[in-house]
Amino acid sequence: MTEARRYPKDIPPMWLAAAMLAIWAGYAWLPASRWLQPPWTHAGWVPMGFGTSLGLLSIVRFRRVGTGVVPFTPANVLVEQGAYRWTRNPMYVALVAVAVGFAIKVPSAPGLAVPPLLWLVLDRRFVRREEPFLRERFGPAFDAYCARVPRWLGRSPRPST
């Protein structure tokens, strides 16, 4: 398979934008499905702020060590510091957190289904396809990292198969 066909041409923030558009569409087109009213909707700022901060800090960490931020670009360093001590994918966690916050801020019942769907797309389209790429690049160091740190969030890491 050629490199052009092996890796997606889209990038994860495009999927976040699509998710936010879907959440907004549910809110605009199905007003009867609104499940939360102000001032409670303001709680959405918390996960949106968390996700934005986590994403920006993760990007800064990658830039400081000189490794690629865009999926499937050259990885020069296996980053294990900062949020990478708790999850192997803080940038993706950040995108899902922003979507959760947006689903609270713009509360339509169909919009509640969007963050889990975004997580699924990010996991299947990017995370699980990046892992062999990183395993090939970093070998046993990546395997040891996977044994210590979960793919997403949780107490124990999951096998990266």
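In case you missed it, the structure is sitting above this.
In this report, we go over the structure that sits alongside the text. Not measured: the values here are computed from a predicted model.

**Some thoughts on the environment of valine 106**
Part 1 of the reasoning: Residue position: valine 106 is located in the loop between helix 4 (90-105) and helix 5 (114-138).
Part 2 of the reasoning: Note on valine 106: relative accessible area 11%, which makes it buried.
Part 3 of the reasoning: Excluding residues within four positions of it along the chain, valine 106 makes contact with Ile23, Trp24 and Tyr27.

**Digging into the pattern of salt bridges**
Part 1 of the reasoning: This model, assessed by the stated rule, comprises 7 salt bridges.
Part 2 of the reasoning: The shortest N-O distance in the salt bridge between arginine 125 and aspartate 10 comes to 2.8 Å. Of this pair, arginine 125 sits in helix 5 while aspartate 10 sits in the loop between helix 1 (3-6) and helix 2 (12-29), placing them 115 residues apart in sequence.
Part 3 of the reasoning: By relative accessible area, which is 13% here, aspartate 10 ends up buried.
Part 4 of the reasoning: Between arginine 124 and aspartate 123 there is a salt bridge, with its nearest N and O atoms 2.1 Å apart.
Part 5 of the reasoning: The exposure class assigned to arginine 124 is partly exposed, which follows from its relative accessible area of 44%.
Part 6 of the reasoning: One salt-bridge network, in which partners are shared between bridges, spans Arg88, Glu131 and Arg151.

**Some remarks on the nonpolar core**
Part 1 of the reasoning: Ranked by size, the top nonpolar core spans 23 residues in total, and within it Leu16, Ile23, Tyr92, Leu118, Leu122 and Trp152 carry the most contacts.
Part 2 of the reasoning: Those elements that provide at least two residues to this core are helix 2, helix 3 (45-65), helix 4 and helix 5.
Part 3 of the reasoning: Of the residues forming this core, the biggest block, 9 residues, is contributed by helix 4.
Part 4 of the reasoning: When residues no more than four places from it in sequence are discounted, the contact partners of leucine 118 are Trp15, Leu16, Ala19, Leu95, Val96 and Ala99.
Part 5 of the reasoning: Phe62, Leu78, Leu134 and Tyr145 belong to the second largest nonpolar core, which has 12 residues in total.

**Comments concerning unusual backbone geometry**
Among all residues save glycine, negative phi is the norm, and among peptide bonds the norm is trans.
Part 1 of the reasoning: Residue proline 39 is reached from proline 38 by a cis peptide bond, and omega for that bond is 10 degrees.
Part 2 of the reasoning: Along the polypeptide, proline 39 turns up in the loop between helix 2 and helix 3.

**Considerations on the side chain of aspartate 10**
Part 1 of the reasoning: Only 2.4 Å separates the side chain of aspartate 10 from the side chain of tryptophan 15, close enough to count as a polar contact.
Part 2 of the reasoning: Here the side chain of aspartate 10 touches arginine 125 through a polar contact of 2.8 Å, side chain to side chain.
Part 3 of the reasoning: Not counting the four nearest positions on each side in its chain, aspartate 10 is found in contact with Trp15, Arg125 and Phe126.

**Focus on the packing of helix 5 against helix 6 (residues 140-148)**
Part 1 of the reasoning: Following both chains from N to C, one finds helix 5 and helix 6 inclined at 130 degrees, their axes separated by 6 Å at the closest point. By the angle between their axes, helix 5 is oblique relative to helix 6. Counting all contacts with helix 5, which are made through Glu131, Leu134, Arg135 and Phe138, the residues of helix 6 involved are Pro140, Ala141, Phe142, Asp143 and Cys146.

Definitions and limits used
Residues numbered from 1 in each chain as written. Predicted model: local features only at pLDDT ≥ 70, side-chain atom pairs only at ≥ 80, totals over all residues. Heavy atoms only, no water. Helix = DSSP H or I, 4+ residues; strand = E, 2+ residues; numbered from the N terminus. Buried < 20%, exposed > 50% of the residue type's maximum accessible area, 1.4 Å probe, protein only. Contact = heavy atoms within 4.5 Å. Salt bridge = Lys/Arg side-chain N within 4 Å of Asp/Glu carboxyl O. Core = buried A, V, L, I, M, F, W, Y, C linked by side-chain atoms within 4.5 Å. Polar contact = N/O pair within 3.5 Å; in protein donor to acceptor, adjacent residues only side chain to side chain. Axes fitted to C-alpha atoms, helices over the stretch in contact; angles between N-to-C directions. Parallel < 35°, antiparallel > 145°, perpendicular 65-115°, else oblique.

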